[in-house]
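Summary of structural features
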Amino acid sequence: MNDLRPAARLPLLFLGMISLLAGVVAGLARLAWEVPPVAAAAAGWHGALMISAFFGTVISLERAVAIGRLWAYAAPAAAGLSGLCLLAGAPLGVVQALAIVAAGVMAGASMQVLRRLTAPFTIVLALGAGCWLVGNLAWPASGMLAPAVPWWLAFLVLTIAGERLELTRFLPTPPAAQRLFIAIAGTILSGAALSLWFADAGLRLFAGGLLALAAWLLRYDIARRNVAQRGLTRFIAVCLLSGYVWLALAGALGMTGALLPGAPWRDAALHAIGLGFVFAMVFGHAPIIFPAVARVKIPYHPLFYVPLLVLHASLALRVGGGLVGDFAVQRAGGTANAVALLLFIATILASVVRGKRQANLPGKVAPDETP
């Protein structure tokens, strides 16, 4: 048996969810909320928990399922354990070593995908995995999180962009637009690399790449057409298009220097990417990805829009408060961000329960059975 059974994947997903919940509570600690001591101690590792531990687990798990090889599951296992060790107060070197192993295995899995199919989108996906590895190496090499952040963001952004690029194969995308996409990806990578030596110039270039990518996606992504559809297809399109707007705002802010450590608008720029862009993608793709990974049915319901609306409204409050320097407003928005993520988890769990009930009705086929 080369692959891991769906039931055996759930503990890996659970490890990632621990990092997500801990990261959210650690974020609240950064907003001066009273939180449990474990989460308060992890406040300085908020970014590591959310990006490397949580998203590293989820994305590498998806990649492992895609290639169907047991060894690839070492990536989500190591990423999930890195978050758990960080929360348990293990030596930082152990946490960093696990993160490096996770990214290295995922890079290997991405190369496996690339060998099976060499295409622009598989190249971009492999580059995204490589960015995670570089970021995880930059962390212990520099002794700080700041040099890793652009690479971690590039990991998320290029992974999403590569998946969206795959779907443009179904659209008559002009060759010039395809070349422009590669140039934009190169700009993002160049900015991340330059930031290791010249933080200001590198992060501004990086932000320019984000802005250009947002414009490209708003122009060429299939979501522009799908937003006119109904049901789940339309919901996904709304998630995507709204996320691209946040990515554009983050790029514009970053070009003013907002991504620099200590910049007054840094919180606004980072969360426009991490919450507005990335989590909008998560909200939209969860009804597709989770069934593929865990073999559970997640039927669409219009209530899916509730956490999405709360996410965007609360983020607008947080970003607005950050831009005008009003910490109370920023804090209120950040708190509502956490509520939005909890609403999303509750909505997905309720949908899973509904899917199981539907599968057990007479004449229905269980989601993990072949009709």
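Residues numbered from 1 in each chain as written. Predicted model: local features only at pLDDT ≥ 70, side-chain atom pairs only at ≥ 80, totals over all residues. Heavy atoms only, no water.

Within the largest apolar cluster, 120 residues are counted, with the highest numbers of intra-cluster contacts made by I188, L213 and F279. With near-sequence residues (within four places) excluded, F279 lies in contact with L20, M50, F54, F55, G274, L311 and L341. (Core = buried A, V, L, I, M, F, W, Y, C linked by side-chain atoms within 4.5 Å. Buried < 20%, exposed > 50% of the residue type's maximum accessible area, 1.4 Å probe, protein only. Contact = heavy atoms within 4.5 Å.)

With 29 residues, helix α12 (residues 266–294) ought to run about 42 Å at 1.5 Å a step, yet its terminal C-alpha atoms sit only 36 Å apart, falling short of that. The largest bend along α12 measures about 60° and falls at H285, with the proline P287 one to four residues further on. Looking at the residues trailing α12, positive phi occurs at R295, about 55°. (Helix = DSSP H or I, 4+ residues; strand = E, 2+ residues; numbered from the N terminus. Expected span 1.5 Å × (residues − 1). Bend = angle between axes of the 7 residues up to and from the residue.)

A few words now on unusual backbone geometry. It is generally the case that most residues other than glycine have a negative phi and that most peptide bonds are trans. Of note, A32 is a non-glycine position whose phi angle comes to about 70°, a positive value. For A32, the location among the structural elements is in the loop between α1 (6–30) and α2 (37–41). Residue A32 is classed as exposed on the basis of its relative accessible area of 51%.

For the rest of this paragraph, the subject is empty space enclosed by the protein. Overall, the coordinates contain three cavities of 30 Å³ or more when judged by the stated rule. As a volume, the largest cavity reaches approximately 250 Å³. Lining the largest cavity we find 16 residues, and of these F55, V58, I59, V282 and I289 sit closest to its centre. Broken down by secondary-structure element, the contributors of at least two residues to the lining of the largest cavity are α3 (46–67), α7 (149–167) and α12. With seven residues, the single largest contributor to the lining of the largest cavity is α12. Of the residues assigned to the lining of the largest cavity, the class counts are 12 nonpolar, two polar and two charged. (1 Å grid on protein atoms, 1.4 Å probe; cavity = no way out; pocket = protein on both sides within 12 Å on 5 of 7 lines; lining within 4 Å. Points joined across faces, edges and corners; volume = space filled by probe spheres on them. Nonpolar A, V, L, I, M, F, W, Y, C, P; charged D, E, K, R; others polar.)

The interhelical angle for the contact between α3 and helix α5 (residues 92–116), taken along N-to-C directions, is 30°, at an axis separation of 10 Å. Considering only the axes of α3 and α5, their crossing is left-handed. In contact with S52, I59, S60, R63, A66 and I67 of α3, α5 contributes A99, M106, A109, S110, Q112, V113 and R116. Looking at side-chain class alone, the contact of α3 with α5 contains seven nonpolar, four polar and two charged residues. (Axes fitted to C-alpha atoms, helices over the stretch in contact; angles between N-to-C directions. Left-handed = near helix turned anticlockwise from the far one by under 90°.)

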